[in-house]
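Coordinate inspection notes
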Amino acid sequence: MSTPTMDDAARVLADPSAYADDERLHAALTHLRANNPVAWVDNPPYRPFWAITKHADIMAIERANDLFLSEPRPLLATAQADDVLKEQMAAGMGLRTLIHMDDPHHRKVRAIGADWFRPKAMRALKIRVDELAKRYVDRMRDVGPECDFVTEIAVNFPLYVIMSLLGLPEEDFPRMHMLTQEMFGGDDEEFQRGQTPEDMLAVLADFFNYFAQLTASRRANPTDDLASAIANGRIDGEPLSDMDTASYYVIVASAGHDTTKDAISGGLHALIENPGELERLGKDMSLMPTAVEEMIRWSTPVKEFMRTAAEDTEVRGVRIAKGESVYLAYVSGNRDEEVFDNPFRFDVARDPNKHVAFGYGVHFCLGAALARMEIASLFTELIPRLDSIELAGTPELTATTFVGGLKHLPIRYSIR
Ligand code: HEM
């Protein structure tokens, strides 16, 4: 194939520090959407890829899940980390979660946990979620009148929810907390265990050891929780392999935690920066469902996933060769001027709001209903009790190409 010229703006997508600078990131994405919506990016230590920045193209690629595959490169990682993953896959070791898989295997594995995310299960969990929301808003009152909303509240609440869904004991919270941060904040020095792929493997090994014990205990004594469903899940009559079992816990524990934390803290930040919208929501709490969607669009906690072309093909007239990867820029899709009126306006009543923050197609976020319920529950408890709120310092974003958002949100407030 002919070597495409690289647009300098596209380079930011393969630069973790750009994700910690909203203005820089959005300036580059706005430029790409207008001028180079299928842009070649070659920025070591990452292997090259095509950056897809238009909403319609992201959806079309996700819909064509037999042409654009998750394997072997489901997300942006350094070439070295890609190679480690490939070696592990070849050896039948290492992380192999839903996001790494393609149909038909993916569909069967997804079905094992799916019931636990359906409306019936959500209704059963709601009481617990509301109770936890109240606990964390009470905590906000107790630690006030100032706190770092991310580290005090937003990190802990979704982790407790996910642990409740899995059926894990509360005393395991600190261990899970550290592991999920090390896993998802991987590019950001504040959360790294170390710099090398081996350090990342050590984080994975800790996750696996913890969950191997859990599988053994739920197989011996099944209980009524998601952990038991996973431990006792079967595919074509066979139990899940140890690797698939452990990977399932890892995806649920990690995907369900930092993502929701980022949406909650990004949502509160947007409300503080747009006091008119906070007041509007406070006066009409029936806007909560659209407000929650807007918080998710606005913060877009999952920055990207990738797919690899199984055949030569084209996107928007640009030739994509078999084996080349496309980067789905959800952050960009969610600010696409062709889909959203005034996309840079935070509007708690935005409707329609067809954001792609949960992805699309067969990999559409399994926990979307849970995430929505959690965010709604927290803000339904918080907003009526809030007399005032403002920033008490400069918010800071995580430097990561994958799942990220605010890592610090210093606030000053008065709450009942
Ligand atoms: C606001 C919060 C969340 C956001 C923005 C989010 C976003 C995403 C995205 C973008 C994907 C990939 C979709 C695709 O490839 O098309 C995904 C997949 C997934 N999410 Fe979420 N997520 C959130 C919360 C949760 C929660 C609370 C859970 C609960 C455990 C969860 C579990 C999963 C799982 C298991 C997958 C893999 C699905 C598959 O590959 O079939 N997520 N999520």
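These notes cover the structure that comes with them. All of these numbers come straight from a predicted model, not from anything done at the bench.

Overview of the overall build of the protein chain
- For the protein chain, the count of helices and strands is 16 helices and 14 strands.
- Judged by the C-alpha coordinates and their principal axes, the protein chain covers about 65 × 55 × 40 Å.
- The burial tally for the protein chain puts 57% of its 416 residues in the buried class.
- Total accessible area on the protein chain stands at roughly 17400 Å², and carbon and sulfur atoms take up 53% of it.
- Averaging the positions of the 44 positive and the 65 negative side-chain charges in the protein chain gives two centres separated by 5 Å.

Section: the coordination of the iron atom of the ligand
- Coordination of the iron atom of the ligand by the protein involves just one donor, Cys 365 (SG), at a distance of 2.3 Å.
- By secondary structure assignment, the location of Cys 365 is in the loop between α15 (330-333) and α16 (368-382).

As for the sheet that holds strand β11 (residues 386-391)
- Judged by pairing direction, the sheet is antiparallel, and its 3 strands sit side by side in the order β4-β14-β11 without closing on themselves. Looking at which strands have only one partner, the edges of the open sheet turn out to be β4 (146-148) and β11. Here the strands of the sheet are splayed against their neighbours by 30° on average, with no regard to which way each runs.
- Both β11 and strand β14 (residues 410-415) contribute to a ladder of 5 bridges, which runs antiparallel.

Here we look at the site of the ligand
- The local shell around the ligand holds 31 residues, among which Glu 62, His 106, Arg 110, His 363 and Cys 365 are the closest.
- Between the ligand and Glu 62, the relevant distance is 2.5 Å, taken from an oxygen atom to a side-chain nitrogen or oxygen of the residue.
- In the environment of the ligand, an oxygen atom lies 2.7 Å from a nitrogen or oxygen atom belonging to the side chain of His 363.
- Among the elements of the structure, α4 (105-114), α11 (242-255), α12 (258-273), β7 (304-309) and α16 are those that each provide at least two residues to the shell around the ligand.
- The class makeup of the residues in the shell around the ligand is 20 nonpolar, 7 polar and 4 charged.

Here we look at the layout of surface pockets
- Approximately 510 Å³ is the volume found for the second largest pocket.
- Elements with a minimum of two residues in the lining of the second largest pocket: α1 (22-35), α12 and α14 (288-299).
- Of the residues forming the lining of the second largest pocket, the biggest block, 5 residues, is contributed by α12.

Examining the environment of Ala 371
- Of note, Ala 371 is situated in helix α16.
- The class of Ala 371 is buried, set by a relative accessible area of 9%.
- Along the chain, Ala 371 and Phe 340 lie 31 residues apart, while their C-alpha atoms are 22 Å from each other.
- In this structure, Ala 371 is in contact with Thr 260 and Phe 358, ignoring residues within four places of it in sequence.

Here is what the cut-offs are and how they apply
Residues numbered from 1 in each chain as written. Predicted model: local features only at pLDDT ≥ 70, side-chain atom pairs only at ≥ 80, totals over all residues. Heavy atoms only, no water. Helix = DSSP H or I, 4+ residues; strand = E, 2+ residues; numbered from the N terminus. Buried < 20%, exposed > 50% of the residue type's maximum accessible area, 1.4 Å probe, protein only. Areas by Shrake-Rupley, 256 points an atom, 1.4 Å probe, with all protein chains shown as cover. Lys, Arg positive; Asp, Glu negative; His and termini not counted. Charge placed at Lys NZ, Arg CZ, Asp CG, Glu CD. Donors = N, O, S within 2.8 Å, 3.2 Å for Na, K, Ca; no water. Pairing = 2+ DSSP bridges. Axes fitted to C-alpha atoms, helices over the stretch in contact; angles between N-to-C directions. Near = heavy atom within 4 Å. Polar contact = N/O pair within 3.5 Å; in protein donor to acceptor, adjacent residues only side chain to side chain. Nonpolar A, V, L, I, M, F, W, Y, C, P; charged D, E, K, R; others polar. 1 Å grid on protein atoms, 1.4 Å probe; cavity = no way out; pocket = protein on both sides within 12 Å on 5 of 7 lines; lining within 4 Å. Points joined across faces, edges and corners; volume = space filled by probe spheres on them. Contact = heavy atoms within 4.5 Å.

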